[in-house]
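# Examination of the molecular architecture
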Amino acid sequence: GENVEQHPSTLSVQEGDSAVIKCTYSDSASNYFPWYKQELGKRPQLIIDIRSNVGEKKDQRIAVTLNKTAKHFSLHITETQPEDSAVYFCAASKGWGGSQGNLIFGKGTKLSVKP
Amino acid sequence: DAGITQSPRYKITETGRQVTLMCHQTWSHSYMFWYRQDLGHGLRLIYYSAAADITDKGEVPDGYVVSRSKTENFPLTLESATRSQTSVYFCASSATNIGAQYFGPGTRLLVL
């Protein structure tokens, strides 16, 4: 089955700097890669996702890149702000239902943005 | 999002007791999921459902039972709670079989 590795497990940056979180996946059939942000005591919230037919996607200060050949994808946050402090999870899937795989999550990266 | 709710939000129970966690969504999403979140393991899928009366096991189904008689509800039952089931449980829903999953606020369960 699918396996998702996420690095680093913790990341500390200064406000205004960029942050990069990397994930690798094992199943070459995976074609959907979302990123979730989870603040302390809150639910995971989808912040951006990418499909395998796209190499990069941006949404304001957040971008995700996908390298299908190397089977890795990354989250880039520019101009970090204290409110970006949270745990970020990557995930990979080839869809769910029936005999297809499910959404498999990485173990998370705790991002701390210091003012 | 108010569209997906869970109850109770906090629960303390004892080993061996039966516990049911409720999940309700107002979006008429076909797919619903139950995850547990534990330190060091991230989010792991317990069960999911593709539609009413259709359920299937996820990664960690042992000790849990689900049902889905109505599209909007997806209860999770721990038939005989064990300490290893102490966790935070999240319900989620999705409109399609590949795309955004929306999470409920979670239930913190402590099994003594």
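As shown above, the structure is provided for reference.
These figures come from a predicted structure and were not determined experimentally. (Residues numbered from 1 in each chain as written. Chains lettered and ligands numbered in written order. Predicted model: local features only at pLDDT ≥ 70, side-chain atom pairs only at ≥ 80, totals over all residues. Heavy atoms only, no water.)

At the interface, 23 residues of chain A touch 25 residues of chain B. Taken over both partners, the interface formed by chain A and chain B buries close to 1900 Å², and the fraction arising from carbon and sulfur atoms is 54%. Together, Arg-43, Trp-96 and Phe-105 of chain A form the three largest contributors to the area buried by chain A at its contact with chain B, with a combined 36%. The interface formed by chain A and chain B includes 6 residue pairs in polar contact (both at pLDDT 80 or more). Secondary-structure elements contributing two or more residues to the side of chain A that touches chain B are β4 (32–38) and β5 (45–51) of chain A. (Contact = heavy atoms within 4.5 Å. Buried area = accessible area lost by both parts, 1.4 Å probe. Polar contact = N/O pair within 3.5 Å; in protein donor to acceptor, adjacent residues only side chain to side chain. Helix = DSSP H or I, 4+ residues; strand = E, 2+ residues; numbered from the N terminus.)

Turning our attention to the layout of surface pockets. Approximately 730 Å³ is the volume attributed to the largest pocket. Along the walls of the largest pocket sit 31 residues, with Gln-38, Leu-40 and Val-87 of chain A together with Gln-37 and Leu-39 of chain B positioned nearest its centre. Contributing elements (two or more residues each) for the lining of the largest pocket: β9 (86–92) and β11 (109–114) of chain A together with β4 (31–38), β9 (87–94) and β11 (107–111) of chain B. Sorting elements by how many residues they give to the lining of the largest pocket places β11 of chain A first, with 4 residues. Taken together, the residues that form the lining of the largest pocket break down as 10 nonpolar, 14 polar and 7 charged. Roughly 430 Å³ of internal volume is contained in the second largest pocket. Surrounding the second largest pocket, 25 residues form its lining, Glu-2, Asn-3, Ile-104 and Phe-105 of chain A together with Glu-59 of chain B being those nearest its centre. Only β1 (4–7) and β10 (104–105) of chain A together with β5 (42–51) of chain B provide two or more residues apiece to the lining of the second largest pocket. The dominant element in the lining of the second largest pocket, judged by the number of residues it contributes, is β1 of chain A, at 4 residues. (1 Å grid on protein atoms, 1.4 Å probe; cavity = no way out; pocket = protein on both sides within 12 Å on 5 of 7 lines; lining within 4 Å. Points joined across faces, edges and corners; volume = space filled by probe spheres on them. Nonpolar A, V, L, I, M, F, W, Y, C, P; charged D, E, K, R; others polar.)

A covalent bond between the sulfur atoms of two cysteines is referred to as a disulfide. Under the counting rule described, the total for this entry stands at 2 disulfides over all chains. Disulfide pairing is shown between Cys-23 of chain A and Cys-90 of chain A; the S-S distance is 1.9 Å. Between Cys-23 of chain A and Cys-90 of chain A, the S-S dihedral sits near -100°, and the bridge is therefore left-handed. Taken as a pair, Cys-23 of chain A in strand β3 (residues 19–25) and Cys-90 of chain A in strand β9 lie far apart in primary sequence, 67 residues in all. We note that Cys-23 of chain A, like Cys-90 of chain A, is buried. At a sulfur-sulfur separation of 1.8 Å, the disulfide partner of Cys-23 of chain B is Cys-91 of chain B. As the torsion about the S-S bond is roughly -75°, the Cys-23 of chain B-Cys-91 of chain B disulfide counts as left-handed. You can see Cys-23 of chain B sitting in strand β3 (residues 19–25) and its partner Cys-91 of chain B sitting in strand β9, a full 68 residues away along the chain. For Cys-23 of chain B, a relative accessible area of 1% puts it in the buried group. Residue class for Cys-91 of chain B comes out buried when judged on its relative accessible area of 0%. (Disulfide = S-S within 2.5 Å. Buried < 20%, exposed > 50% of the residue type's maximum accessible area, 1.4 Å probe, protein only.)

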